[in-house]
Amino acid sequence: MQIFYLKNIKSDFLEGQEYNHCYNVLRKKVRDKIKLTDGKGNLYSAEIQQIKNRKIHLNKLKIIKSIKKNKNTFVAVAPPKSFNRVEWMVEKLTEIGISKIFLIETSNSERNKIRIERLEKKIISAMKQCNSLFKTEIEGIIKIKEFVKKYKFKNKYVADIKSKSEFFKKKINENSVILIGPEGDLTNDELSMLKKEGYNSLSLGDMILRTETAAVVGGFLMNITGEKK
């Protein structure tokens, strides 16, 4: 199934990246029927009414189905220095169904600026490639102390290579977050602060993982530990 992303489903046209994909790549024509999602679990059908001025105008929009997520999983991560690695990480976190990515700044962070617009394009592309009806959200960059104070979660974890805690202690069916530090790791003060805020340290295995790899592994483990309904 080929789907297109339309953030504002009340809008009656595709433009920008979605226009290019629909018209220049897939060669869609007037009166062709296409499927769309708003990234919130809804699937729609529509007909191409007109293609003009780099816009694809739509009509006969109707909803096909609507689904809800059983739980939300979040990843907070200090992005690596290489932007290519950041893009890879964001793409894979989208593919495994992470609800939102928080890019955080820590004492040992290698990057404190990010091109969110470019990452948004990566997210949309990955969402469509997977035929997902849910768009991963992204926010950045926020300092770790501000993040901890601002956002509340039911289950809170921080990856720590020195931890002996196993991940699979319980089923996760509520809002959960895993925090991944930078290549230089979190400081002792940051780990102490997280512990005071209710974050549980856990190990992602015996191997020392790159930041982006740890983010994907941690996010995946959170998703698969939920009970299927």
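Everything below is about the structure printed above this text.
Computed from a predicted structure; not experimentally measured.

Calculation criteria
Residues numbered from 1 in each chain as written. Predicted model: local features only at pLDDT ≥ 70, side-chain atom pairs only at ≥ 80, totals over all residues. Heavy atoms only, no water. Buried < 20%, exposed > 50% of the residue type's maximum accessible area, 1.4 Å probe, protein only. Helix = DSSP H or I, 4+ residues; strand = E, 2+ residues; numbered from the N terminus. Arc of directions from axis to C-beta. Contact = heavy atoms within 4.5 Å. Pairing = 2+ DSSP bridges. Salt bridge = Lys/Arg side-chain N within 4 Å of Asp/Glu carboxyl O. Disulfide = S-S within 2.5 Å. Phe/Tyr/Trp six-rings, centres within 6.5 Å; stacked < 30°, edge-to-face > 60°. Lys NZ or Arg CZ within 6 Å of the ring centre and 35° of its normal.

I would appreciate a short explanation of helix α5 (residues 188-196) in the present structure.
For an α-helix, 3.6 residues make a turn, and residues three or four places apart therefore share a direction. When we look at burial in α5, the residues that qualify are Glu190, Leu191, Met193 and Leu194. Down the axis of α5, the buried side of the element spans an arc of 160 degrees, and every buried residue falls inside it. Summarising the geometry of α5, the exposed residues directed more than 90 degrees from the buried face are Asn188, Asp189, Lys195 and Lys196. The secondary structure elements touched by the buried residues of α5 are α4 (144-150), β9 (155-159) and β10 (176-180).

Help me understand the sheet that holds strand β3 (residues 33-37), please; the structure alone is not making it clear to me.
Pairing between sheet strands relies on hydrogen bonds along the backbone, with the strands arranged either parallel or antiparallel. An order of β1-β3-β4-β5-β2 is seen for the 5 strands of this open sheet, with the pairing classed as mixed. Strands at the two margins of the open sheet, each flanked by one partner only, are β1 (3-5) and β2 (13-14). Relative to strand β4 (residues 42-52), β3 is paired through 5 bridges, and the arrangement is antiparallel. If you follow Thr37 over to β4, its bridge partner there is Leu43.

When you look at the pattern of salt bridges in this model, what are you seeing that I'm missing?
Pairing between side chains of opposite charge can happen when their charged atoms approach one another. One pass over the structure, following the stated rule, counts 15 salt bridges. Across the pair Lys60 and Glu47 runs a salt bridge, and its minimum N-O distance is 3.8 Å. Placement of the pair is Lys60 in strand β5 (residues 55-66) and Glu47 in strand β4, with a sequence separation of 13 residues. For Lys60, a relative accessible area of 58% gives the class exposed. The class for Glu47 is buried, based on a relative accessible area of 12%. One salt bridge in this structure joins Glu91 and Lys92, with 3.4 Å as the shortest N-O distance. The class for Glu91 is partly exposed, based on a relative accessible area of 23%.

What is the right way to read the state of the cysteines from this model?
Across all of its chains, the model carries 0 disulfides by this definition. In this model Cys22 remains outside any disulfide bridge; the closest cysteine sulfur is found in Cys130, 20 Å from its own. Judged by its relative accessible area of 0%, Cys22 falls in the buried class. Looking at Cys130, the relative accessible area reads 36%, which means it is partly exposed.

Would you take a moment to explain the packing of aromatic side chains for this structure?
Note on aromatic pairs: each is described by the distance of the centres and the angle between the planes. Taken as a whole, this structure holds 8 aromatic pairs when the rule is applied. Plain terms: the ring middles of Phe102 and Tyr151 are 4.6 Å apart, the flat faces sit at 55 degrees to each other, and that makes the pair tilted. Highlighted residues: Phe102 in strand β7 (residues 100-105) and Tyr151 in the loop between α4 and β9, separated in sequence by 49 residues. Relative accessible area serves as the criterion here: at 2%, Phe102 is assigned to the buried category. Site record: aromatic cluster; members linked through ring pairs are Phe74, Phe102, Phe147, Tyr151 and Phe153. Positioned above the aromatic ring of Phe13 is the side chain of Lys55, whose terminal nitrogen or guanidinium carbon lies 4.3 Å from the ring centre. Lying across the ring of Phe83, Arg115 places its NZ or CZ 4.2 Å from the centre.

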